[in-house]
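# Observations on the three-dimensional arrangement
Below, each chain spelled out in residue letters.
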Amino acid sequence: MSKIKNKFLELKSKKQKALIAYVVAGYPNENGTLSAIRGLVKGGADIIELGLPFSDPLADGPVIQNASYIALQKGINLSKFLSLVKKIRKETDLPLVLMTYTNLLYKQGYDKFISLARKAGINGFILPDMAIEEAGEYLKAIRKNKADSIFLISPNTSPKRIKKIVSVSSGFLYLVSVFGTTGKKEKIQQYTIDAIKNTKKLVDGKIPIGVGFGISNPKQAKFFIKKGADAIIIGSAFLRLIEKLPQKDIETKIAQFTRSLKAVTISQ
Amino acid sequence: MKIKYPKAGKFGEFGGRYIPETLVPAVEELEEAYLKFKNDKDFKNELDYYLREYAGRPTPLYFAKNLTEKIGGAKIYLKREDLLHGGAHKINNTLGQALLAKKMKKKRIIAETGAGQHGVATAMACAALGLPSEIYMGYKDTQRQKLNVFRMNLLGSSVHPVMEGTQTLKNAINEAIRDWITNVKTTYYLLGSAVGPHPYPVMVRDFQSVIGNEIKSQMKEIEKKIPDAVIACVGGGSNAIGTFYPLLDEDTEMFGIEAGGEGIETDHHSATLNAGSKGVLHGMLTYLLQDREGQILDTHSIAAGLDYPGVGPEHSYLKDNKRVKYDSVSDQNAIDAFLTLAKYEGIIPALESSHAVAYAIKIARKFSKSNSIVITLSGRGDKDVEVVENYLNQNVKNKK
């Protein structure tokens, strides 16, 4: 069974929701990423999303844009990314999800890229600019390499289309909570609450629903869990924290913040 | 070869829709509206009215007698898009899309711009049609083209400088897409070239096809035949596809000319079709300038309007099918052509269009005197005189 699916089953039996944490590989540098991941593991994150930076991240807000830019300046590339994943795999058994943009896979060939990433220890893939209409080759490679394909839906995605997306999704379904790019700080909107409710009804337990984009603190996380999210996805908030920290403090401070987030996913 | 309307947005393997899910309903709504209005009699009449009375269509097809005599080969004609309101072909597309946005009852228009030509054309069309517009422009471009920023402000647009990455056209498109994702319900994204997710490439092509259609009928009138060759510059490729498309089924040779910059063997050029490889950017599968891993490269051209690492997907299709020959012209040759046309014909071409002029100068002699070549002069060069002056001064210094 898929590592991600397993994780959700395990959490369900413990009556917990999932905390999914995102960091950019190579930001602030390779060792900094490793420290951050150690912090995430210690703090109790359930799934780790690793961003492989792309030069033109058009679904990302300023925080992830900046982190991607710096990581690329410092020389992150596919082979360094894969060796970083291998290092992480030696330290943790948590599901690892790779988030990047379609071109980096297309350029290598979907099968070659996915197979390399799988071998290094990646379990699932998120491509924010991959629409299902274009996903034929990608999905073939996903199935061949027994990986999970995590697609995104948005508050304006039609019910008919959500069903189509669910039919090719595995691992979890990524519900983008706001109209906007990653890291957008905003008050909680009624349309987000409606979207969670409607998606839950449509999905009918077939796949867990992760809610992300713009969630930055335990209070918001708790609210979305109450409204029905199976997982909370947090990225920019971690990167904002890392940005401010000296290297030596990254692990402990990230662990601390992770703990505060994880706490709200455990039902009292 | 002629794809009237691309099925699933595909020109062969190129094009498509590689976009964040939030934009899917928006491009579907756009496609639906476009299909509804493109053959609508009232819409067409209204657009024709604005193109004629506001923008100044049809544009002349001018026989460049002096240049023809100087080179001594085919007769050279200039399709004078530089005489349009705003000084470039961009207005053909902005009027079409702004009118469509109005029919769609969109309240706010956003656009990207490189050198500022599309931004200015958007600001003009929006002012004429009473729509508010906001323009994204790379910070570096706002500094290089201060006058165009001021022009857009005069025309009632606000300009947002983009600080991301290389702070040029590519980043301006990224930021416009991000704005669109954020304000998807109210906002119309008025894309300036035949690029992006379906239906933009086909829609922009259709709005620009007025160029090729006029060339066809004007040549039939003047020369009693279709042109033997047409030449246009290619950045994103909107003036070129507008020139080529109506002539694709004819026996006309076609040349798309990219920016060779300091040479396509260097890192300093924008010759995507000549030196690029297939990839996915800005919602489309097309040729791109990218490294081995798929990271998009920085580009260079003396002509800011050609300074883009991608190209319209229909051009990628026409390249692979060998219907159009894509070649490149260096900064230096473009400058020489700029000077030649100014001196012999009294016409100052945009540096973008100068690439097409340079190529015509190069190949005209290979044709006989009974042949006719049409160059699409996509814009006028007033915006470029300072760049050219600096370039020439720099060369004088280097020679000393």
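Above this text sits the structure in question.
Residues numbered from 1 in each chain as written. Chains lettered and ligands numbered in written order. Predicted model: local features only at pLDDT ≥ 70, side-chain atom pairs only at ≥ 80, totals over all residues. Heavy atoms only, no water.

### Some thoughts on the overall build of chain A
Helix and strand counts for chain A come out as 12 helices and nine strands. Rg of the C-alpha trace for chain A: 17 Å, near the compact-globule value of 18 Å for 268 residues, within the 12% margin. Long-range pairs, those at least 24 residues apart, make up 72% of the contacts in chain A with a sequence separation of at least 6. As displayed, chain A offers around 10,800 Å² of accessible surface, 53% of which is attributable to carbon and sulfur atoms. Charged side chains of chain A number 44 positive and 21 negative; the gap between the two group centres comes to 4 Å. (Helix = DSSP H or I, 4+ residues; strand = E, 2+ residues; numbered from the N terminus. Rg over C-alpha atoms; globule rule 2.2 N^0.38 Å. Contact = heavy atoms within 4.5 Å. Areas by Shrake-Rupley, 256 points an atom, 1.4 Å probe, with all protein chains shown as cover. Lys, Arg positive; Asp, Glu negative; His and termini not counted. Charge placed at Lys NZ, Arg CZ, Asp CG, Glu CD.)

### Section: the interface of chain A and chain B
In this complex, chain A contributes 37 residues to the contact, which on the side of chain B involves 38 residues. Of the roughly 3,000 Å² buried between chain A and chain B on both sides combined, carbon and sulfur atoms contribute 51%. Where chain A packs against chain B, one counts three salt bridges. Our count for the contact surface shared by chain A and chain B stands at 18 residue pairs in polar contact (both at pLDDT 80 or more). Element by element, the count of residues in the side of chain A that touches chain B is highest for helix H5 (residues 102-108) of chain A, at six residues. (Buried area = accessible area lost by both parts, 1.4 Å probe. Salt bridge = Lys/Arg side-chain N within 4 Å of Asp/Glu carboxyl O. Polar contact = N/O pair within 3.5 Å; in protein donor to acceptor, adjacent residues only side chain to side chain.)

### Thoughts on a positive patch on the surface
Residues and elements named next belong to chain A. Where like charges cluster on the molecular surface, the positive patch consists of Lys197, Lys201, Lys222, Lys226 and Lys227. When residues of the positive patch are traced back to their parent elements, those giving at least two are helix H9 (190-203) and helix H10 (218-226). Mapped onto the secondary structure, Lys222 falls in helix H10. Using a relative accessible area of 48% as the deciding quantity, one classes Lys222 as partly exposed. (Patch = residues over 30% accessible without salt bridge, like charges linked within 9 Å, V, L, I, M, F, W, Y side chains within 5 Å. Buried < 20%, exposed > 50% of the residue type's maximum accessible area, 1.4 Å probe, protein only.)

### Structural notes on unusual backbone geometry
All names here are of chain A. For the peptide bond that leads from Tyr27 to Pro28, omega is -5°, which places it in the cis range. Residue position: Pro28 is located in the loop between strand S1 (18-24) and helix H2 (30-43). Even without being glycine, Lys15 reaches a positive phi, approximately 55°. Although it is not a glycine, Asp204 sits at a positive phi angle of roughly 55°. Position of Asp204 among the secondary structure elements: in the loop between H9 and strand S8 (209-212).

### Some points on the sheet that holds strand S7 (residues 173-176) of chain A
Residue and element names in this part refer to chain A. Strand order across the open sheet formed by nine strands is S5-S4-S3-S2-S1-S9-S8-S7-S6, with parallel pairing between neighbours. Single-partner strands in this sheet number two, and they are strand S5 (148-150) and strand S6 (152-153). Relative to strand S3 (residues 96-99), strand S2 (residues 47-51) runs parallel, the two being bridged by four bridges. Bridge pairing links Ile48 to Leu96 in S3. Docked against the sheet, H9 engages S6, S7 and S8, running at close to 155° with respect to S7. (Pairing = 2+ DSSP bridges. Axes fitted to C-alpha atoms, helices over the stretch in contact; angles between N-to-C directions.)

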